[in-house]
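Close look at the chain arrangement
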Amino acid sequence: MLTAWMLLGSLVLSEAKPTARDISKGVDWLTRYGYLPAPDPYSAQQQTLEGLRASVRSMQRFAGIPETGELDDETVQMMQRPRCSLPDIIGTSELMRRRRKRYALVGTVWEKKELTWRLDTFPAASLTRDTTRALIGYALAAWGQETALSFTETQGEADLRVGFVGGSHGDGYPFDGPGGTLGHAFFPGVGPIAGDTHMDADETWTYNKDEGTDLFAVAVHEFGHSLGLSHSSAELSIMRPYYQGTVGNPSKYRLPPDDLEGIQALYGKRVSSPGAALPPPMPTQRVIPPHGPTHL
Ligand code: ZN
Ligand code: CA
């Protein structure tokens, strides 16, 4: 009997033969992000070679790399890039609908336009609490300035709760230490966790720097999920699943057209001036000496 990884192994044309463990990791990756159906112990149905090739091709198409249907070097490298831990394909029929490279909606929205948010936990000393709070405010404003949505920080019950958590943190979607998965968020809905965003506490979160992981860029992405957007296959979108680096000054940031179209399909356009949705200016980032005090 051929197992999935044996079949996938026959797709690899690279000179350096991958180990069974590499191939198995590839299948795990494709399954985790929705390109392959989860194993079903009842039907025990095996993947067909064509099915596996098709899943590699749709991953490549989504990522914007050559659609070879093989686990070539570029594909393996893409699979190793830091990214959001939510799947790219949700539901099996979605693959068929993904003809155009564009945004995708998750199917639920907030029924109200005034949303509240709070920060439950903060990152380690690479960012101050004030900077973290300002970056989160600006990341929400990126969506708010284009729609009729408004976001108000609260210390009480909040629609969108944001936390920095590491490893297993009680929601069934554990983080994986530095690199790999960076964050995830829960789609709009009625449960207590709906709309919440978790950032991996084991990343070195930074702001507008070359090193570390840019909190503003990842937060804008995750809040797209909190508001009802899924991953986009568009070339230029903050909702691409892979980490794209910094996106510049948070107070000057504007969403790419694909994301604008997606969020306005859900909540309509803003009628008043976009500036009205912007929070106060960013605090000056305090430089923290490498061996300095770790209190905030
Ligand atoms: Zn995501
Ligand atoms: Ca991680």
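Here, the structure is the one placed above.
Residues numbered from 1 in each chain as written. Chains lettered and ligands numbered in written order. Predicted model: local features only at pLDDT ≥ 70, side-chain atom pairs only at ≥ 80, totals over all residues. Heavy atoms only, no water.

**Here we look at the overall build of the chain**
Condition: Here a helix means four or more residues in a row that DSSP labels H or I, a strand means two or more in a row labelled E, and each is numbered from the N terminus. Residue exposure (1.4 Å probe, protein chains only): buried if accessible area is under 20% of the type maximum, exposed if over 50%, otherwise partly exposed. Any two residues having at least one pair of non-hydrogen atoms within 4.5 Å are treated as being in contact. Computed by Shrake-Rupley with a 1.4 Å probe, the accessible areas treat only the displayed protein chains as cover when residues are assessed.
Summing up its helical and strand segments, the chain has eight helices and eight strands in all. Looking at the chain as a whole, 45% of its 296 residues are labelled buried. Looking at the chain alone, contacts between residues at least 24 apart form 69% of all its contacts between residues at least 6 apart. When the accessible surface of the chain is totalled, it reaches about 14,900 Å², and 55% of it is carbon and sulfur.

**Brief notes about the coordination of the calcium ion (ligand 2)**
This is how it is decided: Atoms are scored as donors when they are N, O or S and lie within 2.8 Å of the metal, with 3.2 Å used for Na, K and Ca; no water is included, so coordination may look incomplete. Geometry is assigned from donor-metal-donor angles: four donors are tetrahedral when every angle falls between 85 and 135 degrees, four are square planar and six octahedral when opposite donors sit over 155 degrees apart with all other angles between 65 and 115, and any other arrangement is irregular.
For the calcium ion (ligand 2), the full set of protein donor atoms is Asp176 (OD), Gly177 (O), Gly179 (O), Thr181 (O), Asp200 (OD) and Glu203 (OE), at a range of 2.2 to 2.4 Å. Here the calcium ion (ligand 2) binds six donor atoms, and the angle range of 84 to 176 degrees at the metal identifies the geometry as octahedral. Mapping the donors of the calcium ion (ligand 2) onto the primary sequence yields the spacing D-G-x1-G-x1-T-x18-D-x2-E.

**Brief notes about the sheet that holds strand E4 (residues 160-165)**
Selection rule: Pairing between two strands is assigned when DSSP locates at least 2 bridges connecting them. The axes used here are C-alpha line fits, helices contributing only the stretch in contact, and every angle between their N-to-C directions lies in the interval 0 to 180 degrees.
Strands sit in the order E1-E5-E6-E4-E2-E3 across an open sheet of six strands; the sheet is mixed. The sheet terminates laterally at strand E1 (83-84) and strand E3 (150-153), the two strands that pair on one side only. Here E4 pairs with strand E6 (residues 197-200) via four bridges, running parallel. Within the sheet, the bridge partner assigned to Val165 lies in E6 and is Asp200. Against the sheet, helix H7 (residues 215-227) touches E1, strand E2 (114-119), E3, E4, strand E5 (181-185) and E6, its axis set at about 150 degrees to E6.

**Digging into the coordination of the zinc ion (ligand 1)**
Every protein donor of the zinc ion (ligand 1) is listed here as Cys84 (SG), His221 (NE2), His225 (NE2) and His231 (NE2), and their distances to the metal cover 2.0 to 2.2 Å. Around the zinc ion (ligand 1) sit four donor atoms, and with donor-metal-donor angles ranging over 102 to 119 degrees the site reads as tetrahedral. Along the chain, the residues donating to the zinc ion (ligand 1) fall in the pattern C-x136-H-x3-H-x5-H. Residue His221 is located in helix H7, and its partner His231 is located in the loop between H7 and helix H8 (257-267); the two are separated by ten residues in the primary sequence. His231 gets classed as buried once you look at its relative accessible area, which sits at 0%.

**Regarding unusual backbone geometry**
With glycine set apart, most residues show a phi of negative sign, and most peptide bonds adopt trans. Unusually for a residue other than glycine, Asn208 sits at a positive phi of about 55 degrees. Relative to the assigned elements, Asn208 resides in the loop between strand E7 (205-206) and strand E8 (213-214).

**Observations regarding the side chain of Gln60**
Keep this limit in mind: Identification of polar contacts relies on pairs of N or O atoms within 3.5 Å, with a donor-acceptor requirement for protein atoms, meaning one able to donate a hydrogen and the other able to accept it, and with residues adjacent in sequence counted only if both atoms are side-chain atoms.
Its location among the elements puts Gln60 in helix H3 (residues 49-63). Polar side-chain contacts of Gln60 include one of 2.9 Å to the backbone nitrogen of Thr68. Ignoring any residue separated from it by four or fewer positions in sequence, one finds Gln60 in contact with Ile65, Pro66, Glu67, Thr68, Gly69, Glu70, Asp72 and Thr75.

**Quick word on the nonpolar core**
Which entries qualify depends on this criterion: Each nonpolar core is a collection of buried residues, namely Ala, Val, Leu, Ile, Met, Phe, Trp, Tyr and Cys, held together in the definition by side-chain atoms within 4.5 Å.
Trp143, Val220 and Leu227 are the most contacted members of the largest nonpolar core, which totals 38 residues. Of all the elements in the fold, those that place two or more residues in this core are E2, helix H6 (129-144), E4, H7 and H8. Sorting elements by how many residues they give to this core places H6 first, with eight residues. Setting aside anything within four residues of it in sequence, one finds Trp143 in contact with Val220, Phe223, Gly224, Leu227, Leu229, Ile238, Met239, Leu255, Asp259 and Ile263. Within the second largest apolar cluster, 17 residues are counted, among which are Tyr35, Leu52, Val56 and Met78.

**Brief notes about the pairing of E6**
Side chains of E6 alternate between two faces, with Thr197 and Met199 and His198 and Asp200 buried alike. Examined bridge by bridge, E5 and E6 share three bridges and lie antiparallel to one another. If you follow His184 over to E6, its bridge partner there is His198.

**Digging into the packing of H6 against H7**
Rules: Convention used here: angles under 35 degrees read as roughly parallel, angles over 145 as roughly antiparallel, angles from 65 to 115 as roughly perpendicular, and any remaining angle as oblique. By the definition used in this description, the sense in which the near helix is turned from the far one sets the handedness, with an anticlockwise turn below a right angle giving left-handed and a clockwise turn giving right-handed. We call Asp, Glu, Lys and Arg charged. Ala, Val, Leu, Ile, Met, Phe, Trp, Tyr, Cys and Pro are nonpolar, and the rest, Gly among them, are polar.
Taken N-terminus to C-terminus, the directions of H6 and H7 make an angle of 50 degrees; their axes are 9 Å apart at the nearest point. Here H6 lies oblique to H7, going by the angle between them. The chirality of how H6 crosses H7 is right-handed. Facing Thr132, Leu135, Ile136, Tyr138, Ala139, Leu140, Ala142 and Trp143 of H6, the residues of H7 in contact are Leu215, Phe216, Ala219, Val220, Phe223, Gly224 and Leu227. When its residues are assigned to classes, the contact of H6 with H7 shows 13 nonpolar, two polar and no charged.

**Structural notes on the packing of aromatic side chains**
This is how the line gets drawn: Between the rings of Phe, Tyr and Trp (Trp by its six-membered ring), a pair exists once the centres lie within 6.5 Å; its type follows the angle of the planes, with under 30 degrees stacked, over 60 edge-to-face, and the other angles tilted. We count a charge as sitting over a ring when the NZ of a lysine or the CZ of an arginine lies within 6 Å of the ring centre and within 35 degrees of the ring normal.
As enumerated under the stated definition, the model contains six aromatic pairs in all. When the ring of Trp29 is compared with that of Tyr33, the centres are 4.8 Å apart and the planes differ by 65 degrees; the resulting orientation is edge-to-face. For the pair shown, Trp29 and Tyr33 are each scored as buried. Positioned above the aromatic ring of Tyr242 is the side chain of Arg83, whose terminal nitrogen or guanidinium carbon lies 5.5 Å from the ring centre. Sitting above the plane of the Tyr103 ring, Arg102 keeps its charged end 4.3 Å from the centroid.

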